[in-house]
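Below, each chain spelled out in residue letters.
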Amino acid sequence: MKRIVIEHIFIYQPIFCLKSRQITAYECLARALGDSGHCYSGGMLIEAAIATDLSQEFDELARTTCIESIAEFKSDRQFFVNLLPNAIIHNPDSIEQNLQQILDLGLRPEQIVFELTEVEVLAQSEKLPQLIERMRAWGFGIAVDDLCGCVCVDHYAMELKPDIVKLDRRLIHGCSQFTLKQTLIKSLLESAHSEGILVLAEGLETLQDIQFCQELGVDFDQGFG
């Protein structure tokens with residue numbers, strides 16, 4: 001059987017303030033290079049981890065190496081780091097280990113926003129809200145990824161009251177042209193802001209969509225527009 005050698009790498013996608021158009025943070029995105037030079041996306045890595053029942057191990061390894069990479073970046077900006085909720089439900093100590101790692105590397109917990117990414121069925125547990133509150137007490141920010149994509153609005157997205165919700169790119173793409181998308185975005189934005197939650201639009205890639213979200217009052221964007 002041929003052995004495939006994998007090298008983990010990270011890329012940093014900027015997150016902009018929609019009002020000022022200035023970079024306010026970066027998302028640390030995992031990638032991997034095979035020995036043949038093939039690049040594996042973060043989604044492909046997670047799918048492989050789930051298929052082999054190694055999602056918890058993958059998540060913990062990705063978090064640890066991502067934080068190491070952030071320290072080498074030598075920036076005072078905030079960094080978004082993906083986190084599988086089931087991984088910390090099954091091993092709550094891993095977050096405390098990340099906290100110690102962050103402090104040892106000379107980073108501040110306030111620089112890290114853990115982004116809850118729901119790509120598998122969420123385990124039924126009362127631990128998650130308690131873990132989130134502990135993470136907040138340590139200084140970490142909390143974001144929820146893919147709202148209206150993989151994550152339902154009536155799920156833990158609003159129950160946990162994250163600092164930031166990220167609207168899925170499938171909702172955002174073409175939002176300046178489709179009235180139903182506009183209605184949904186307006187409703188989500190009003191609900192989030194009424195609870196003191198900031199809103200980030202993913203996948204903003206056209207001037208028309210950017211202008212629509214700016215005028216609506218969306219706080220941040222992430223894309224290639």
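Keep in mind the model is a prediction, meaning the values are calculated, not measured.

Rules of the game
- Residues numbered from 1 in each chain as written.
- Predicted model: local features only at pLDDT ≥ 70, side-chain atom pairs only at ≥ 80, totals over all residues.
- Heavy atoms only, no water.
- Axes fitted to C-alpha atoms, helices over the stretch in contact; angles between N-to-C directions.
- Helix = DSSP H or I, 4+ residues; strand = E, 2+ residues; numbered from the N terminus.
- Parallel < 35°, antiparallel > 145°, perpendicular 65-115°, else oblique.
- Left-handed = near helix turned anticlockwise from the far one by under 90°.
- Contact = heavy atoms within 4.5 Å.
- Nonpolar A, V, L, I, M, F, W, Y, C, P; charged D, E, K, R; others polar.
- Buried < 20%, exposed > 50% of the residue type's maximum accessible area, 1.4 Å probe, protein only.
- Pairing = 2+ DSSP bridges.
- Arc of directions from axis to C-beta.
- Phe/Tyr/Trp six-rings, centres within 6.5 Å; stacked < 30°, edge-to-face > 60°.
- Lys NZ or Arg CZ within 6 Å of the ring centre and 35° of its normal.
- pLDDT = per-residue confidence, 0-100.
- Polar contact = N/O pair within 3.5 Å; in protein donor to acceptor, adjacent residues only side chain to side chain.
- Core = buried A, V, L, I, M, F, W, Y, C linked by side-chain atoms within 4.5 Å.
- Expected span 1.5 Å × (residues − 1).

Draft legend 1. Structural context of the packing of helix α2 (residues 55-73) against helix α4 (residues 93-104). Between α2 and α4, the shortest axis-to-axis distance is 10 Å and the interhelical angle comes to 10°. On the basis of the axis angle, α2 is roughly parallel to α4. The two elements α2 and α4 meet at a crossing, and its hand is right-handed. Of the residues in α4, those in contact with Glu-60, Arg-63, Thr-64, Ile-67 and Glu-68 of α2 are Ser-94, Ile-95, Asn-98, Gln-101 and Ile-102. Classifying every residue of the contact of α2 with α4 by side-chain character gives three nonpolar, four polar and three charged.

Draft legend 2. A look at the pairing of strand β5 (residues 112-116). Of all five residues that make up β5, five are buried, and the element is covered over most of its length. Of the two faces of β5, the one carrying Ile-112, Phe-114 and Leu-116 and the one carrying Val-113 and Glu-115 are both buried. Pairing analysis gives five bridges linking strand β4 (residues 78-83) to β5, with the strands arranged parallel. Across the sheet, Leu-83 pairs through a bridge with Leu-116, a residue of β5.

Draft legend 3. View of helix α9 (residues 207-216). Considered for burial, the residues of α9 that qualify are Asp-209, Ile-210, Phe-212 and Cys-213. Considered in projection along α9, the buried side chains sweep an arc of 165° and stay on one side of the axis. Those residues of α9 that are exposed and angled more than 90 degrees off the buried face are Leu-207 and Glu-215. On the buried face of α9, the contacting elements are α7 (169-172), α8 (179-194) and β8 (198-202).

Draft legend 4. Geometry of the packing of aromatic side chains. Applying the stated criterion across every chain yields a total of six aromatic pairs. Taking 5.8 Å as the distance between ring centres and 75° as the angle between the ring planes, the aromatic pair formed by Tyr-12 and Phe-79 counts as edge-to-face. In this pair, Tyr-12 is assigned in strand β1 (residues 6-17) and Phe-79 in strand β4, connecting sequence segments 67 residues apart. Phe-79 carries the same exposure label as Tyr-12, and that label is buried. Seen in terms of ring centroids, Phe-73 and Phe-79 are 5.5 Å apart; in terms of plane orientation they differ by 85°. Their pairing is edge-to-face. For Phe-73, a relative accessible area of 34% translates into the label partly exposed. Taken together, the ring pairs connect Tyr-12, Tyr-26, Phe-73 and Phe-79 into an aromatic cluster. Looking at Arg-21, its charged tip hangs above the ring of Phe-16, at a distance of 5.1 Å from the centre.

Draft legend 5. The confidence of the model for the chain, seen in detail. Overall, the predicted model of the chain reaches an average pLDDT of 85, with 82% of residues at or above 70. Across the chain, element-level confidence peaks in α4 with a mean pLDDT of 97 and bottoms out in helix α6 (residues 153-159) with 56. Low pLDDT (under 50) marks residues 1-5, which in the prediction has five contacts with non-local residues, meaning those over four places away or in another chain.

Draft legend 6. Focus on the environment of Thr-117. Tracing the backbone through its elements, the reader meets Thr-117 in the loop between β5 and α5 (127-138). Thr-117 sits in the buried class, given a relative accessible area of 8%. Along the sequence, Thr-117 and Ala-143 sit 26 residues apart, while their C-alpha atoms lie 8.9 Å from each other. Contact partners of Thr-117, with chain neighbours within four places excluded, come to Asn-82, Leu-83, Leu-84, Pro-85 and Asp-145. Side-chain polar atoms of Thr-117 contact the side chain of Asn-82, separated by 2.9 Å.

Draft legend 7. Looking closely at the nonpolar core. Counting 47 residues, the largest nonpolar core has Ile-70, Ile-112, Phe-114, Met-135, Phe-140 and Cys-213 as its most contacted members. The contact partners of Ile-70, leaving out residues within four places of it in the chain, are Tyr-12, Cys-28, Phe-79, Val-81, Leu-107 and Ile-112. Listed in part, the nine residues of the second largest apolar core include Ile-15, Cys-17, Leu-200 and Phe-220.

Draft legend 8. Geometry of α5. Between its terminal C-alpha atoms α5 stretches 17 Å, which fits the 16 Å expected from twelve residues at 1.5 Å a residue. Turning to α5, its buried residues are Leu-128, Leu-131, Ile-132 and Met-135. Mapping the buried residues of α5 onto a view down its axis gives an arc of 100°, with all of them on the same face. Facing away from the buried side of α5 by over 90 degrees, the exposed positions are Gln-130 and Ala-137. Following α5 by one or two positions, Gly-139 has its phi on the positive side, about 110°.

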